[in-house]
Amino acid sequence: MKIRIDYYTLLLAGIISTQHGLAQTPNESGKKNDKRFSIAIIPDTQYNTKESQGGTNALFEAQVDWILANREHEQIAYVIHLGDITDDGDQASAQWENAAKVMYKLEKPLPGLPHGIPYGLAVGNHDQYPSQLAVSGTTRYFNTYFGVDHFKGRPYYGGNFRNDNDSHYDLFTAGGTDFIVLYIEFDAFDEQQEAMNNWASAVLEKYSSRRAIVVTHYTLFLNPVAGSNIPGRAPFSKQAKRLYDRLKAHKNLFMMAGGHVGDNGEGFRQDTYNGVTVKSFLSDYQSRPMGGNGMMRLMTFDLETDNIQVRTFSPYHHYEEVDGDSHFKLGLFREAAASRIYDFDLDGKSDLMKYQAGNWFDATGKLRYTHWNADAIPTPSYFEGNAQTQAMSYNRKKALFVKANGEHIFMGPEGAIPVPADYDGDGIADLAVWDPGLATWFVQEHPPLKHGWSESTPVPADYDGDGAAEKAVWRWSNQTWYIAEVGNIPFGEPGDIPVPADYNGDGKAEIAVWRPATGQWLIHGSERTVKLGKRGDLPIPGDYLGTGNVQFAVFDPVQKLVLFEDGKTVSFDATIQEVVNLPQAIKLYYLESLKK
């Protein structure tokens, strides 16, 4: 059942807020960031251009006027229209005139932009006539107003599929990075999906050096729980699923977007293949009052901190929607399942953290979180699914997880070892424990799995790059890595400490060990070795530079220093037991080995 909630109900409920200062998005760094830019997203405007369902073209016009007024402040580099530009396709020339009147405003020459702000439009089912038919239907008016001839010669226009502009692509550069935006026509009855997908694949291959966004009108259905914090696990449409499956092998693809699903039309999902994660978004508000209340989105990309800030608002009504799936921040290219570990502030870098008597402190000594769970051990991970590390602790005696907000979750037998990770690939870390006595994995909402031996160390990680952590153990007796559903890899020597992580930035965890006897770091399949640390130090690998690959680092508990592989050091007033930056399962094994 779909529920329609109007603007005033949302305002009274506190889900949205009246904000007349939408043009003044705060810059978190407080200074100009050359790696920061925005893409404006305009969802279905069919009831605005038709001026029906309470909508008028004035709401559409307010969106584009806002984009123009805020281009410099928001560093808007590109504009995407998600399709269903009109309601009646080739039956209604007036609706297309309304659309052109608004969108052509973006073509006005601006300083440094002689052709205006680059933009593109998807063809939705209501832009076809008859609706839903990609080949046997027509798109005469779309190609009259937004066809190849209209865009040909513009520096950002790339090319088209076959003999019209229904599927096409644009090229732009922002934040020092080259992008391609590929538009695929809505094709409900599979009249030419295979051909379009093959064309899209060839285009992405040709422009493999450009980060790729794919827009098709119907990409996702709704989040499972409306208004909930991102991410949901919104289902793909049939066309989008086929499109993703065809394109997922292209490592430059990172984002898909669409509209089509109205009412509370918001959705998100992420999918990982071969170490590359694609984030997909739904935004469509056409079934709300006034044909969607003039809602639009701004996606701000910060390549320096590697995140996306999503905002949803109506320039016409001067309000911003701030519930969990309308206003949120996500990691961008570097995922938590790979190199983005211990990133507590979503700035793209691993943060040093210590856990002391139930309290979390950063390297400066600032209190960051508190659990009031002094007998527990820290078990941080990305429990909210946005690639940001959240605090969590686990009391082994009580078999009790405690979140930073105080929420308690009982899991596992007494004495189990916490091993939280994303075991199902939905972008959210699952609560999990491994019981040494039973050699059994207990993962929240998953059946138990026996894997390993009592004399082994659990080392879960995403070894194959599918976005999901594999249940894995490192067996002490033969120094072999037993990775469930992947294979068994002998690597290491007696006394080594397993330290799996993404050391080369390929989106997959590498099998690796640190050798306390010599201070050597060794990675399976790599000739690279680095000597850093000594017996008694604690290995704490992390992406402390924000480069997208994990660096070697050790904590010296005597000097109270963290030593990095580039030779730099940082003071860190902590004990080995207090340092958070190593999975507890590995730390417990290492602490026991120091006693021998």
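The rules behind these values
- Residues numbered from 1 in each chain as written.
- Predicted model: local features only at pLDDT ≥ 70, side-chain atom pairs only at ≥ 80, totals over all residues.
- Heavy atoms only, no water.
- Helix = DSSP H or I, 4+ residues; strand = E, 2+ residues; numbered from the N terminus.
- Buried < 20%, exposed > 50% of the residue type's maximum accessible area, 1.4 Å probe, protein only.
- Lys, Arg positive; Asp, Glu negative; His and termini not counted.
- Salt bridge = Lys/Arg side-chain N within 4 Å of Asp/Glu carboxyl O.
- Polar contact = N/O pair within 3.5 Å; in protein donor to acceptor, adjacent residues only side chain to side chain.
- Contact = heavy atoms within 4.5 Å.
- UniProt positions renumbered as here; feature names shortened; annotations may be inferred.
- Axes fitted to C-alpha atoms, helices over the stretch in contact; angles between N-to-C directions.
- Left-handed = near helix turned anticlockwise from the far one by under 90°.
- Nonpolar A, V, L, I, M, F, W, Y, C, P; charged D, E, K, R; others polar.
- Core = buried A, V, L, I, M, F, W, Y, C linked by side-chain atoms within 4.5 Å.
- Pairing = 2+ DSSP bridges.
- Phe/Tyr/Trp six-rings, centres within 6.5 Å; stacked < 30°, edge-to-face > 60°.
- Lys NZ or Arg CZ within 6 Å of the ring centre and 35° of its normal.

Another point: the side chain of Asp502. With respect to the element layout, Asp502 can be found in the loop between β31 (497-498) and β32 (512-515). This buried residue, Asp502, is left without a salt bridge; Arg334 holds the nearest opposite charge, at 8.7 Å. Separated by 3.2 Å, the side chain of Asp502 and the backbone nitrogen of Asp506 make a polar contact. The contact partners of Asp502, leaving out residues within four places of it in the chain, are Ala338, Ser339, Gly507, Lys508, Ala509, Glu510, Gly548, Asn549 and Val550.

Our focus in this paragraph is the pattern of salt bridges. Tallying each qualifying case throughout the model produces 30 salt bridges. The residue Lys105 makes a salt bridge to Asp65 at a minimum N-O spacing of 2.8 Å. Here Lys105, found in the loop between α5 (93-103) and β4 (119-121), pairs with Asp65, found in helix α3 (residues 57-69); they are 40 residues apart in sequence, far enough to count as distant. Among the salt bridges present, the one from Arg515 reaches Asp496, with a minimum N-O distance of 2.8 Å. In this pair, Arg515 sits in strand β32 while Asp496 sits in the loop between β30 (487-490) and β31, placing the two residues 19 residues apart along the sequence. Under the relative-accessibility criterion, Arg515 is labelled buried at 14%. When salt bridges with common partners are traced through the structure, they connect Arg36, Glu74, Arg311 and Glu320 into a single cluster.

This part takes up the UniProt feature "domain: Calcineurin-like phosphoesterase" (unreviewed entry) in the protein chain. The residues that UniProt annotates with the feature "domain: Calcineurin-like phosphoesterase" (unreviewed entry) are residues 38-221. Segment residues 38-221 splits into 32% helix and 21% strand. End C-alpha atoms: 24 Å apart.

A word on the environment of Ala134. Locating Ala134 in the fold gives a position in the loop between β4 and α6 (140-146). Along the sequence, Ala134 and Gly365 sit 231 residues apart, while their C-alpha atoms lie 61 Å from each other. Residue contacts for Ala134: discarding those within four places in its chain leaves Gln128, Glu185, Phe186, Asp187, Glu191 and Gln192.

Attention shifts here to the packing of helix α8 (residues 193-206) against helix α9 (residues 238-247). One can describe the packing of α8 onto α9 by two numbers: an axis separation of 9 Å at closest approach and a directional angle of 40 degrees. Crossing of α8 against α9: the hand is right-handed. On the side of α8, the interface is formed by Gln193, Glu194, Met196, Asn197, Asn198, Ala200, Ser201 and Leu204, while α9 contributes Gln239, Arg242, Leu243, Arg246 and Leu247. Grouping the constituent residues of the contact of α8 with α9 by class yields 5 nonpolar, 5 polar and 3 charged.

Turning our attention to the nonpolar core. Counting residues in each nonpolar core, the largest one holds 42 residues, and the members touching the most others are Tyr463, Tyr503, Ile540 and Phe555. Tallying contributions element by element places helix α11 (residues 584-594) first for this core, with 4 residues. Residues in contact with Tyr503, not counting those within four places in the same chain, are Glu510, Ala512, Trp521, Ile523, Arg528, Pro541, Asn549, Val550 and Phe552.

What the 4 strands build is an open sheet, ordered β23-β24-β25-β26; its pairing is antiparallel. Taken across any chain shown, the strands that pair with only one partner, and hence form the sheet edges, are β23 (417-418) and β26 (449-450).

With the rule as written, the count across this model stands at 38 aromatic pairs. With a centroid separation of 6.5 Å and 15 degrees between ring planes, the pair formed by Phe281 and Phe328 is classed as stacked. In this pair, Phe281 sits in strand β11 (residues 276-284) while Phe328 sits in strand β15 (residues 328-331), placing the two residues 47 residues apart along the sequence. Note on accessibility: Phe281 and Phe328 belong to one class, buried. Summarising the aromatic geometry, the rings of Phe344 and Tyr369 are spaced 6.0 Å apart at their centres and angled 40 degrees between planes, so their arrangement reads as tilted. Taken together, the residues Phe344 in the loop between β15 and β16 (353-356) and Tyr369 in strand β18 (residues 367-370) connect sequence positions 25 residues apart. Aromatic ring contacts, followed pair by pair, group Phe37, Tyr78, Phe172, Phe179, Phe254, Phe301 and Phe333 into a single cluster. Directly above the ring of Phe333 sits Arg211, whose terminal nitrogen or CZ lies 3.7 Å from the centroid.

With 8 of 8 residues buried, strand β13 (residues 307-314) is to be regarded as a mostly interior element. Across the two faces of β13 the burial is the same, with Asn307, Gln309, Arg311 and Phe313 and Ile308, Val310, Thr312 and Ser314 all buried. Strand direction decides the pairing type here: strand β12 (residues 296-302) and β13, joined by 7 bridges, are antiparallel. Within the sheet, the bridge partner assigned to Arg297 lies in β13 and is Thr312. In this antiparallel pair of consecutive strands, β12 and β13, the connection spans 4 residues, and Asp306 shows a positive phi of 60 degrees. Taken together, the 4 bridges between β13 and β15 define a ladder with antiparallel strand orientation. The residue of β15 that forms the bridge with Asn307 is Gly331. Two strands pair when backbone bridges link them, and β13 and strand β14 (residues 319-321) are joined in this way by 3 bridges, in the antiparallel orientation. Across the sheet, residue Phe313 finds its bridge partner in β14, namely Glu320.

Looking now at unusual backbone geometry. Omega for the peptide link from Tyr129 to Pro130 comes to -5 degrees, which places this bond in the cis form. By the element assignment, Pro130 lies in the loop between β4 and α6. Unlike most non-glycine residues, Arg162 shows phi in positive territory, near 55 degrees. Tracing the sequence through the fold places Arg162 in the loop between β5 (157-160) and β6 (168-174). Arg162 gets classed as exposed once you look at its relative accessible area, which sits at 57%.

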